[in-house]
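For reference, the chains in residue letters:
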Amino acid sequence: MKRVLFLILITNSLASFGQSLEQTFDFANQLYIQKSYQNAVEAYKRVVYFDSTSLYSNQIYPKIADCLFNLEKYQESADYYDLAYFSTEDSLLKDTYILKKISCFLILQEYDYAEIELLNLGSDLPDSLEYDKNFSEAILRFAKEEYDLSEQIFKKLTSDTLAINALFDQNTKVSKISPKKAKIMSMIMPGLGQLYVGDIKNGLNSFILSAGLFALGVRSAIINNPLDAAISVLPWFQRYYQGGFKKAELIAIAKIQEKRYKIYNHLLDEVEKGGSFR
């Protein structure tokens, strides 16, 4: 509804004041500067629609892409960076748009597309774009679990290589956590797998609950008979026992992701405070 009203407003403005494409383009730029990104997109698209000679395309496509990126519409943003790429013959601008498109793909976790775009970059980049390329590739390699290569590239981005070494040493320890091992350990003894990955609370809960049900079953078998114990207690014991070792595996996976996320953020912090900025 807001978009329709905005288009009506633009149309009325053009009709009332004879606004030219250039004036509409200037108006869109003002909206862009004011960070009114959605309205800027609508105004830019109007210029593109009426621009039969494609006079403004090479200026508008990157602006629309930037607006969409700020609106967190990353797939659409990547599409417009693609249009921006084909609207210019400037190799430096082409590489700039590729790098911005790579950023979109990294956020969308479309890592294969990001890798393809890295291959499309020119071989002789200026220092500022070379930095952006290394930064994007360091993130990509980490995301694809190519940690040795990621570490090498991160070291190019900061002078504090000792901090990078320490963080990747932590990551190596994280890689040694085995969800399968956590599951097997909890099959041997309920709660052991959770304790293995450092989840003490869930580990103790699983052990106490399973041990309590086992003790209740034994007591029921002694007081009544084994059949009664099997009927009344065994289904519950089986349910919590199986749930315990399955949960241990899921907790291990979640712990790995959590620890990796922290390491990744620390790596970005190190680059930010010690990087060779443009």
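Not measured: the values here are computed from a predicted model. (Residues numbered from 1 in each chain as written. Predicted model: local features only at pLDDT ≥ 70, side-chain atom pairs only at ≥ 80, totals over all residues. Heavy atoms only, no water.)

Caption draft 1: Here's a closer look at the side chain of R141. Mapped onto the elements of the fold, R141 is located in helix α8 (residues 127-143). Accessibility expressed as a relative area gives 8% for R141, which makes it buried. In this structure R141 touches E115, E146, Y147, L149, S150 and I153, once residues within four positions along its chain are discounted. (Helix = DSSP H or I, 4+ residues; strand = E, 2+ residues; numbered from the N terminus. Buried < 20%, exposed > 50% of the residue type's maximum accessible area, 1.4 Å probe, protein only. Contact = heavy atoms within 4.5 Å.)

Caption draft 2: Broad picture of the nonpolar core. Core analysis: the largest hydrophobic core is formed by 35 residues, its most contacted members being Y44, I60, I64 and I102. For this core, the element with the most residues is helix α6 (residues 91-107), which contributes seven residues. Among residues more than four places away in sequence, those in contact with I64 are V41, Y44, K45 and Y80. Counting 20 residues, the second largest nonpolar core, distinct from the first, contains F142, I153, L167 and F168. (Core = buried A, V, L, I, M, F, W, Y, C linked by side-chain atoms within 4.5 Å.)

Caption draft 3: Region of the structure containing the layout of surface pockets. Here the largest pocket defines a volume of roughly 600 Å³. If you trace the largest pocket, you find 18 residues lining it, with Y111, F142, A143, R260 and Y261 closest to the centre. Ranked by residue count, the leading element in the lining of the largest pocket is helix α15 (residues 234-274), at six residues. (1 Å grid on protein atoms, 1.4 Å probe; cavity = no way out; pocket = protein on both sides within 12 Å on 5 of 7 lines; lining within 4 Å. Points joined across faces, edges and corners; volume = space filled by probe spheres on them.)

Caption draft 4: Structural view of α6. The terminal C-alpha atoms of α6, which comprises 17 residues, lie 25 Å apart, in line with the 24 Å expected from a rise of 1.5 Å per residue. Taken residue by residue, α6 has K94, D95, Y97, I98, L99, K101, I102, C104, F105 and L106 as its buried positions. Packing partners of the buried residues in α6 comprise α4 (57-70), α5 (74-86), α7 (111-119) and α8. Capping the start of α6, D90 holds a side-chain oxygen 2.8 Å from the backbone nitrogen of L92, two or three residues further along. Looking at the residues trailing α6, positive phi occurs at Q109, about 60°. (Expected span 1.5 Å × (residues − 1). Polar contact = N/O pair within 3.5 Å; in protein donor to acceptor, adjacent residues only side chain to side chain.)

Caption draft 5: Seen up close, a nonpolar patch on the surface. Among the surface-exposed residues, I184, M187, I188, M189, L192, L195, I200 and L204 lie close enough to one another that they form a single nonpolar patch of about 710 Å² accessible area. For the nonpolar patch, the secondary structure elements donating two or more residues are α11 (179-188), α12 (192-196) and α13 (200-223). The element contributing the most residues to the nonpolar patch is α11, with three residues. Mapped onto the elements, I188 comes out in helix α11. (Patch = residues over 30% accessible without salt bridge, like charges linked within 9 Å, V, L, I, M, F, W, Y side chains within 5 Å. Areas by Shrake-Rupley, 256 points an atom, 1.4 Å probe, with all protein chains shown as cover. Salt bridge = Lys/Arg side-chain N within 4 Å of Asp/Glu carboxyl O.)

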